[in-house]
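Structure at a glance
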Amino acid sequence: MLRVGGTVACSMACRNLVSPNMALRFRMPLQKLHPLSRAIHHRYNASANPPRPPHRSAARHFTSMSRLPMRPPKPPPRGHGGWRYQQHRNFWMLRLASRLLKLRYILLGSAVGGGYTAKKTYDEWKDMLPDMSEYNWVIPDFVWEMSEQIDLDKLTKMLPELEEIAKLLPEFPDFDKIGENFTFLKSILSTDAPGDPTVKSATETPVSSTPEASDKHFKKSSDKEKVDQLQEELLRTQMKYQRMLERLEKENKDLRKVVLQKDEKGIHQRKVKVSKSLIDMYSEVLDILSDFDSNYNTQDHLPRVVVVGDQSAGKTSVLEMIAQARIFPRGSGEMMTRSPVKVTLSEGPHHVAMFKDSSREFDLGKEEDLAALRHEIELRMRKSVKEGQTVSPETISLNVKGPGIQRMVLVDLPGVISTVTAGMASDTKETIFSISKNYMQNPNAIILCIQDGSVDAERSIVTDLVSQMDPQGKRTIFVLTKVDLAEKNLASPNRIQQIVEGKLFPMKALGYFAVVTGKGSAGESIDSIKDYEEDFFQNSRLLRDGMLKAHQVTTKNLSLAVSDCFWKMVRESVEQQADAFKASRFNLETEWKNNYPRLRELDRNELFEKAKNEILDEVISLSQVTPKHWEAILLKKLWERVSTHVIENIYLPAAQTMNSGTFNTTVDIKLKQWTDKQLPHKALEVAWETLQEEFARFMAEYKGKDQDDIFDKLKEAVKDESIKRHKWNERSMDSLRVIQHNALEDRSITDKPQWDAAIEFMEETLHARLKDTDCVINDMVGPDWKQRWLSWKNRSPEQHIRNETKNELERLLKLHEDHTAYLANDEVTTVRKNLEGRGVEVDPVLIKDTWHQLYRRHFLQKALQHCNLCRRGFYYYQRHFVDSELECNDVVLFWRIQRMLLITANTLRQQLTNTEVRRLEKNVKEVLEDFGEDTEKKAHLITGRRVQLAEDLKKVREIQEKLEVFIEALHKEK
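Bear in mind that the values here come from a model prediction, so they are computed numbers and not experimental data. (Residues numbered from 1 in each chain as written. Predicted model: local features only at pLDDT ≥ 70, side-chain atom pairs only at ≥ 80, totals over all residues. Heavy atoms only, no water.)

**Remarks on the overall build of the protein**
When its secondary structure is counted, the protein shows 38 helices and nine strands. Sorting the 974 residues of the protein into buried and exposed places 45% on the buried side. In the protein, the share of contacts with a sequence separation of at least 24, taken over all contacts with a separation of at least 6, comes to 79%. For the protein, the accessible area works out to roughly 53500 Å², and carbon and sulfur atoms hold 51% of it. (Helix = DSSP H or I, 4+ residues; strand = E, 2+ residues; numbered from the N terminus. Buried < 20%, exposed > 50% of the residue type's maximum accessible area, 1.4 Å probe, protein only. Contact = heavy atoms within 4.5 Å. Areas by Shrake-Rupley, 256 points an atom, 1.4 Å probe, with all protein chains shown as cover.)

**Re the sheet that holds strand E8 (residues 476–481)**
The sheet built from nine strands is open, its strands ordered E4-E3-E5-E2-E6-E1-E7-E8-E9 with mixed pairing. Two strands in the sheet have a free side with no partner beyond their single neighbour: strand E4 (362–363) and strand E9 (511–514). Where strand E2 (residues 341–347) meets strand E6 (residues 408–412), five bridges bridge the pair, whose relative direction is antiparallel. Bridging across to E6, Thr344 finds its partner in Val409. Across the sheet, helix H15 (residues 315–323) lies against strand E1 (305–309), E2, strand E5 (396–402), E6, strand E7 (446–452) and E8, angled at about 160 degrees from E6, the strand it touches most. (Pairing = 2+ DSSP bridges. Axes fitted to C-alpha atoms, helices over the stretch in contact; angles between N-to-C directions.)

**Concerning unusual backbone geometry**
Positive phi outside glycine occurs at Ser312, with the angle close to 65 degrees. Mapped onto the fold, Ser312 is located in the loop between E1 and H15. Note on Ser312: relative accessible area 44%, which makes it partly exposed. Positive phi, normally seen in glycine, also occurs at Gln324, with a value near 65 degrees. With respect to the secondary-structure elements, Gln324 resides in the loop between H15 and E2.

**Thoughts on helix H23 (residues 555–595)**
Counted at 1.5 Å a residue, the expected span for H23 with its 41 residues is 60 Å, and the 55 Å between its end C-alpha atoms agrees. Of all the bends in H23, the largest measures some 35 degrees and sits at Ser573. (Expected span 1.5 Å × (residues − 1). Bend = angle between axes of the 7 residues up to and from the residue.)

**Topic: the environment of Arg495**
Inspection of the secondary structure puts Arg495 in helix H20 (residues 494–500). Assessed through its relative accessible area of 26%, Arg495 is described here as partly exposed. Note: C-alpha distance between Arg495 and Gly453 (42 residues apart in sequence) is 10.0 Å.

**Re the packing of helix H30 (residues 752–781) against helix H32 (residues 797–815)**
Where H30 meets H32, the closest approach of the two axes is 7 Å, and the angle between their N-to-C directions is 125 degrees. On the basis of the axis angle, H30 is oblique to H32. Listed contacts from H32 to Ile777, Asp779, Met780 and Val781 of H30 are Gln799, Arg802, Asn803 and Lys806. Split by residue class, the contact of H30 with H32 holds three nonpolar, two polar and three charged. (Parallel < 35°, antiparallel > 145°, perpendicular 65-115°, else oblique. Nonpolar A, V, L, I, M, F, W, Y, C, P; charged D, E, K, R; others polar.)

**Details of the pairing of strand E3 (residues 352–355)**
Side chains on a regular strand alternate between the two faces of the sheet. Where E3 meets E4, two bridges bridge the pair, whose relative direction is antiparallel. Residue pairing in the sheet places Ala353 in a bridge with Phe362 of E4. In textbook terms, the turn of a hairpin is the stretch between consecutive antiparallel strands, and for E3 and E4 this stretch comprises six residues. Alignment of E3 against E5, held across four bridges, turns out to be antiparallel. Residue pairing in the sheet places Ala353 in a bridge with Val400 of E5.

**Some details on a nonpolar patch on the surface**
Taken together, Trp785, Trp789 and Leu790 make up a surface patch of nonpolar side chains, about 480 Å² in accessible area. Position of Trp789 relative to the elements: it lies in helix H31 (residues 785–791). (Patch = residues over 30% accessible without salt bridge, like charges linked within 9 Å, V, L, I, M, F, W, Y side chains within 5 Å. Salt bridge = Lys/Arg side-chain N within 4 Å of Asp/Glu carboxyl O.)

**Description of the pattern of salt bridges**
Summed over the entire model, instances satisfying the criterion amount to 44 salt bridges. Across the pair Glu648 and Arg856 runs a salt bridge whose closest N-O atoms are separated by 2.1 Å. On the criterion of sequence distance, the pair formed by Glu648 in helix H25 (residues 627–655) and Arg856 in helix H34 (residues 844–869) is long-range, its members being 208 residues apart. Overlapping salt bridges, with partners in common, bring together Arg585, Glu589, Glu601 and Arg957 in one network.

**Overview of the state of the cysteines**
In total, this model carries one disulfide according to the counting rule given. Here Cys870 connects covalently by a disulfide to Cys888, the sulfurs 2.0 Å from one another. With the S-S bond torsion at -100 degrees, the cross-link from Cys870 to Cys888 turns out left-handed. In this pair, Cys870 is assigned in the loop between H34 and helix H35 (874–878) and Cys888 in the loop between H35 and helix H36 (889–933), connecting sequence segments 18 residues apart. (Disulfide = S-S within 2.5 Å.)

**Structural notes on the environment of Asp843**
The topology assignment puts Asp843 in the loop between helix H33 (825–837) and H34. The partly exposed category is assigned to Asp843, whose relative accessible area is 43%.

**Focus: the packing of aromatic side chains**
Scanning all chains against the criterion turns up 15 aromatic pairs. A centroid spacing of 5.2 Å and a plane angle of 40 degrees characterise the contact between Tyr282 and Phe966, whose relative ring orientation is tilted. Placement of Tyr282 in helix H14 (residues 278–292) and of Phe966 in helix H38 (residues 945–973) is noted, with a sequence separation of 684 residues between them. Both residues of the pair, Tyr282 and Phe966, count as buried. An aromatic cluster is present here, built from Trp639, Tyr651, Phe761, Trp851, Tyr855, Phe859 and Phe894 joined pairwise through their rings. Taking the ring centre of Phe355 as reference, the NZ or CZ of Arg380 above it sits at 4.1 Å. (Phe/Tyr/Trp six-rings, centres within 6.5 Å; stacked < 30°, edge-to-face > 60°. Lys NZ or Arg CZ within 6 Å of the ring centre and 35° of its normal.)

**A short note on the side chain of Lys637**
Within the secondary structure layout, Lys637 lies in helix H25. By relative accessible area, which is 16% here, Lys637 ends up buried. Those residues in contact with Lys637 that sit more than four places away from it in its chain are Val686, Glu689, Thr690 and Glu693.

**A look at the side chain of Glu487**
By the element assignment, Glu487 lies in helix H19 (residues 483–489). Residue Glu487 is classed as buried on the basis of its relative accessible area of 19%. Ignoring anything within four residues of it in the chain, the contact list for Glu487 reads Ile496, Phe536, Ser540, Arg541 and Leu542.

**Some words on the environment of Asp952**
Looking at the secondary structure, you find Asp952 in helix H38. Using a relative accessible area of 18% as the deciding quantity, one classes Asp952 as buried. Asp952 sits 364 residues away from Leu588 along the chain, and the two C-alpha atoms are 7.7 Å apart.

**Remarks on the pairing of E7**
Counting buried positions along E7 gives seven out of seven residues, so the element sits mostly inside the fold. Alternating positions in E7 separate into two faces, Ile446, Leu448, Ile450 and Asp452 on one and Ile447, Cys449 and Gln451 on the other, with burial throughout. Note: E1 against E7, five bridges, orientation parallel. Directly across from Val307, in E7, lies its bridge partner Leu448. One ladder, built from six bridges, connects E7 with E8; its direction is parallel. Note on E8: the bridge partner recorded for Gln451 is Leu480.

**Considering a negative patch on the surface**
Residues Glu394, Glu926, Glu929, Glu933, Asp934 and Glu936 make up a contiguous surface patch of negative charge. Residue contributions to the negative patch peak at three residues, all from H36. Among the structural elements, Glu936 can be located in helix H37 (residues 935–941). (Lys, Arg positive; Asp, Glu negative; His and termini not counted. Charge placed at Lys NZ, Arg CZ, Asp CG, Glu CD.)

**Remarks on helix H21 (residues 526–539)**
Spanning 14 residues, H21 covers 20 Å between terminal C-alpha atoms, matching the ideal 20 Å at 1.5 Å per step. For H21, the full list of buried residues reads Ile526, Ile529, Glu533, Phe536 and Phe537. The buried residues of H21 occupy an angular sector of 90 degrees when projected down its axis, which confines them to one face. Away from its buried face by more than 90 degrees, H21 exposes Asp527, Gln538 and Asn539. Its buried side turned inward, H21 meets H15, H19, E9, helix H22 (541–544) and H23. (Arc of directions from axis to C-beta.)

**Observations concerning the nonpolar core**
Grouped together as the largest cluster of nonpolar side chains are 98 residues, with contacts concentrated most on Tyr651, Trp674, Trp755, Ile897 and Val924. Setting aside residues no more than four positions away along its own chain, Val924 makes contact with Ile615, Leu616, Val619, Phe695, Val718 and Ser722. Residues Ile279, Ile327, Phe362 and Tyr596 belong to the second largest nonpolar core, which totals 67 residues. (Core = buried A, V, L, I, M, F, W, Y, C linked by side-chain atoms within 4.5 Å.)

**Focus: the confidence of the model for the protein**
Confidence along the protein averages 75 in pLDDT terms, with 69% of residues attaining 70 or more. Counting contacts from residues 1–91, a segment whose pLDDT is below 50, to residues more than four positions away or on other chains yields 155 contacts. Low pLDDT, under 50, characterises residues 165–175; the stretch is placed with 17 contacts to residues that sit more than four places away or in other chains. (pLDDT = per-residue confidence, 0-100.)

Below is the structure:
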């Protein structure tokens, strides 16, 4: 039976291995078969034996082996068609080696049980096998050596555990494939594998039929040797699993970093939304609350970890140990924390820091980035401090991420001081107390009280402040720093025990911790400080003697305790705060509906954008003003500005000479001086004022449509600032001077309409001056008899004197109608004596002033009469006839002035429409952009209850929505 069984087993195994139907059964082309199988296949075809169906067990093993990758096969030799089937899986070296090893044990069992018949059959099949020397790469030498020493029982027991470990490996390729490989390997090595009679028969064969073999393979050892072997195996197994766990832990950490990096890029946003950004969502809520209410009113009761302590107590060092990086500016005895710094700690793949209002990441693993971060924090602190102050209540928000960092929100406050030193503001101490109290009075704030252990406890100031804000100690954690110095310097270490037991300070706390934050050197790294802290407490007598408990020491235990307390406080209070903001939102919405039912809820930024669009529309409307309108406005304003100078300084001095040659010479000189110095400047001033007035007019007209008074201050500020920034093009003045000079040089009136227009312009000007002169004389002499009779008005004594003087001078003018513009001294004396004869005492200066106005009126009346005569003088002017009665040089002067005004207005209009309006529009846009970036400016210019109500409503809605999202994420994390 043994011979028959061995022979049958050997025959079946060999037939299953070399059968050509095997390729057909597994749909594998002949060309794709391994060279060894292909060679056996060709050798088999050469024999006369017909193919037989493969054994089921062998087929199953062959299927699993076929999935393993192997070296690419050699192409089949030419002339052989072969089978063309698709290959689904390749051979793997280990499975092929196991298969050959299995064949070897089968042959060994058949040799013992089968005898000569099995040996003969084996020799026959061996002769049929091809030369295997060229396939030595398939089975290396170490496989044969390993096969001699392999322990099948141990390997079989280890396989399930290895399979589970393989399945736990993240991102390992093809878990199903690995599981099948482990299953197949177990089936090979298992002594009672079902469905494999070949292996079972080989292992159950009584190899003790020969005494020599039995003694060789199954020699028993003593119990002691077994125990030693088991201990050695157990030790080796533990070491192996330990190395495996370390490797898996390292790989898991690396893969976690990769996953977090992918999550940061948005690949797995749904997964990260809850686990990664929970603390970030909470920090966003606190940032919004800080903007909404910088004074932290009672409605803001969300938890924070508020870090307070005396100056130089080690407060910053404790924070850096929790954040695992030296991120804060440092100084020896100098106040470095000048404003609150809100630090949001969260877990991330890389150790980085980032400000809330910046996209730059600081790599905390690089010293240059750490130095840049500390410098940036110091700059922000100094920038937030107003002039004349030392500290600022303005909060700086910083996010720190890194592997293994506890998630929480800490606020580092300026250190409490007892004395104001030189260089500090006088109210620095009170300001620091006020800032600290504002943060600590929040009933849900966790107070991290830092006390310097190297100084006397009686010198502490912060403990009294903390005891006032939290007398029961329900939310205070006490931290004693510099314990190494305390142990070294204090004569009685029991004092440290009294501190951490809460028996020394007049304050209570939830927990007491003792930490060491380095040796005082600014260049120490966080890792070196951790090592120093652990070494100190391991060797300290404080722990050995039981003065300190193990859970009360090291910053690691402190950070874990603070984080647990923080999240416990968050879970207990966040829903209550969400309800409070929901009620606030309802009240604000009700107030809006009652007061502004027809208006949208536009906050300050939205109102600014609306006003910005309106102002830009007004500037665009300014560019659409017609040229005719510009010229008319410019002409009118320009003549109003220069008319007084033309009449008083040019026309009257020249006309009162009563000589045509002198008149023209005087006019030319004065026009040249006027054009070179004053006229271009006056013209540009007029153009600039006209542009401002038109800009203001368009703003006022747009206001009347559907605009309320909210934008008035903003529009006025934009207009003033734009005009202030606007500078007229200086090069235009030179070109304008040349144009005006050329216009005034021309004396040739070409046609009668221009002559008539000049006369009309002259008459209008003289009539206006005559009217002004009459008004001045009436004011000097007082009301006439008609006004005195009808209006019951009387003259003052001075007006009576003026009236008498006027009457005397008018008689003089009647006698001398061609009198010059100035009175002679003897004429003044005569007038004075005549007045004294009537009992009127008068001053000579008063006589001259009265004469000036009377002669001016007399001259203007004569000039108007002469102007009327010159209407028919164009004929004589055109033919250069000399007629003393019709010398119309004054008409030519007014024509020159009028033509200059028209040319100047046209030139200024071109400059306005082509250049200055566009430059003003550019200035307006720049001013609006600057105002849009200045929050304080917008708050000052856009005010009112409606604006504030919309602002509060927007903030409360945003806070409530973010709180609800945070609460939902918090419940999912539970």
